[in-house]
Each structure stands twice: as C-alpha cells, then as structure tokens.
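Spelled out from the first residue to the last, the chains are:
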Amino acid sequence: MGSQTEENYLKALYKLSDEEGKISVSELSSTLNVSIPTANSMVKKMDAHGWLRYEKYRPLTITPKGKQVASMIIRKHRLTEMFLVEQMGFSWESVHEIAEQVEHVNSEAFFDRMDEILGFPKFDPHGSPIPDKNGKTEQLDLIKLSECKMGEIVTLSALSNSDKNFLEYLNSRSLSLGVQLKVIAKEAFDGSITVSYSNHDKEVLSKKVCDSLMVEKLR
C-alpha cells in the first residue's frame, strides 16, 4: 500500500474510470479538488508503482494491479460502513467520514474478521457492492428510478449518490433500501416522478433525486 494520499487518488481513479479503465487528469483533479499540476505529480508516482499508465496528453489508464489495490481500499471502506451501521447503530448518513479514516488501517486480518462478524455482506449500507478478498463484486441489474415507466413497481436497492445531505433528504421522506415504490405519474416538463410507497400515497421526487435512486424491477 502507498500513502493515504496515494490511496485516495487510487480509489478515485477506480471509481471514475470507464469500462476501459481510462480517465483524464482534469477529471481526477476536479474530483479530488486539487490543481492539475498537483494531480500530474501524483499520477507520475503512481505510474512508478505500476498502478496506472501515464502518458503526457493522454488519458490515464488504471492497471490490473491498480484495480486490485483500489478494490481492497474500497472493500475496507464499505465493510467499515456496514459494521458501523449493523453492529454499532450508526445511521447511514454518518458513517462515511469515519470509514474514510479506518480504510487506511493496514491489517487484512482486521477487515477479514469484520467481514466474518457481519456474515460476509455483498453490499454496503448504501447498496454499493463490497469487493471480496479477491476484488470481485456482485452486481445487480439496476436502473435509475427516472428511467422507470408509469405503473411499474420497483425496489430501491442502491444509491448512486451517498452525500450526507442527500441521505438526510431521503430520511425526511422515509426512503431507505428495500422500500417498494410504485410509479404513479411522470412529469414530461421537468422529469419529476410521483411515487407511492409505505404510508406515502403521492410523493413527488425531482429528476435529480430519481437519477440517484437505483432500483430493481419486480418480476
């Protein structure tokens, strides 16, 4: 493993890279809120580790070695979030910052034990897949709520945005993973969707919100 800064860069690369493992330096710098020269300096160091391929004026390419290291960082982060929620009673909006610190603990046995205590969960409290010890993840066939048709019934299974403010918004609407939603109406003008669920007969959700709610169609 590298420094905490290198691990944060690697985690961002893993999340941002496309199917071919490519990402631009400008996109990386924007995500991490650092200057392009600062990002360039760091990616050159990561290239030396063999975690990515760096060529001037070309997209960065994360290597299989880089993906494996990044997946282990993400594994530690998501296991920690799950442990905080399931074993310690933290709410899902309050675990990210703690997990950001714990993910840098360099003890495989510690996280393997955490995994065992939790019963080897496949997903974290926000529905994101938890990599196993080999870096493999289980993927669900999910779509955005905004892509659903009127009359469809779906289950909220994951979030593409786990920002604290967004999670608090969902709490205020009693929206949590596992909730079944029925699409009552779709507004053509602004893309908002009216849904019913639990004790909510007609809840209007903006397109921005619906774009972040990943759902599974009931078969």
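Refer to the structure printed above.
The following paragraphs examine the structure supplied in this document.

Calculation rules
Residues numbered from 1 in each chain as written. Predicted model: local features only at pLDDT ≥ 70, side-chain atom pairs only at ≥ 80, totals over all residues. Heavy atoms only, no water. Helix = DSSP H or I, 4+ residues; strand = E, 2+ residues; numbered from the N terminus. Buried < 20%, exposed > 50% of the residue type's maximum accessible area, 1.4 Å probe, protein only. Contact = heavy atoms within 4.5 Å. Areas by Shrake-Rupley, 256 points an atom, 1.4 Å probe, with all protein chains shown as cover. Phe/Tyr/Trp six-rings, centres within 6.5 Å; stacked < 30°, edge-to-face > 60°. Axes fitted to C-alpha atoms, helices over the stretch in contact; angles between N-to-C directions. Parallel < 35°, antiparallel > 145°, perpendicular 65-115°, else oblique. Nonpolar A, V, L, I, M, F, W, Y, C, P; charged D, E, K, R; others polar.

**Describing the overall build of the protein**
Now for step 1: Across its full length, the protein carries eight helices and nine strands.
Now for step 2: With the C-alpha coordinates of the protein rotated into their principal frame, the extents come out at 55 × 45 × 30 Å.
Now for step 3: Looking at the 219 residues of the protein, the share that counts as buried comes to 42%.
Now for step 4: Summarising the internal contacts of the protein: among those between residues at least 6 apart in sequence, 62% fall at separations of at least 24.
Now for step 5: Per element, the accessible surface of the protein, about 12200 Å² overall, is 48% carbon and sulfur.

**Regarding the packing of aromatic side chains**
Now for step 1: Enumeration according to the criterion identifies two aromatic pairs in this entry.
Now for step 2: Note on Phe-110 and Phe-111: the rings are 5.0 Å apart at their centroids and 90° apart in plane angle, and the pair reads as edge-to-face.
Now for step 3: For Phe-110, a relative accessible area of 41% corresponds to the partly exposed category.
Now for step 4: Judged by relative accessible area, which is 2%, Phe-111 ranks as buried.
Now for step 5: Geometrically, the ring pair formed by Phe-166 and Tyr-169 is stacked, given 6.5 Å between the ring centres and 15° between the ring planes. Placement of both Phe-166 and Tyr-169 in helix H7 (residues 164–172) is noted, with a separation of three residues, approximately one turn of the helix.

**Regarding the packing of helix H1 (residues 4–16) against helix H4 (residues 64–86)**
Now for step 1: Two elements in contact, H1 and H4, have axes separated by 9 Å at closest approach and are oriented at 100°. Between H1 and H4, the crossing angle belongs to the class labelled roughly perpendicular. Taken together, the residues of H4 that come into contact with H1 (itself represented by Glu-7, Leu-10, Lys-11, Tyr-14 and Lys-15) are Gly-66, Lys-67, Val-69, Ala-70, Ser-71, Ile-73, Ile-74, His-77 and Arg-78.
Now for step 2: Of the residues in the contact of H1 with H4, the class split is six nonpolar, three polar and five charged.

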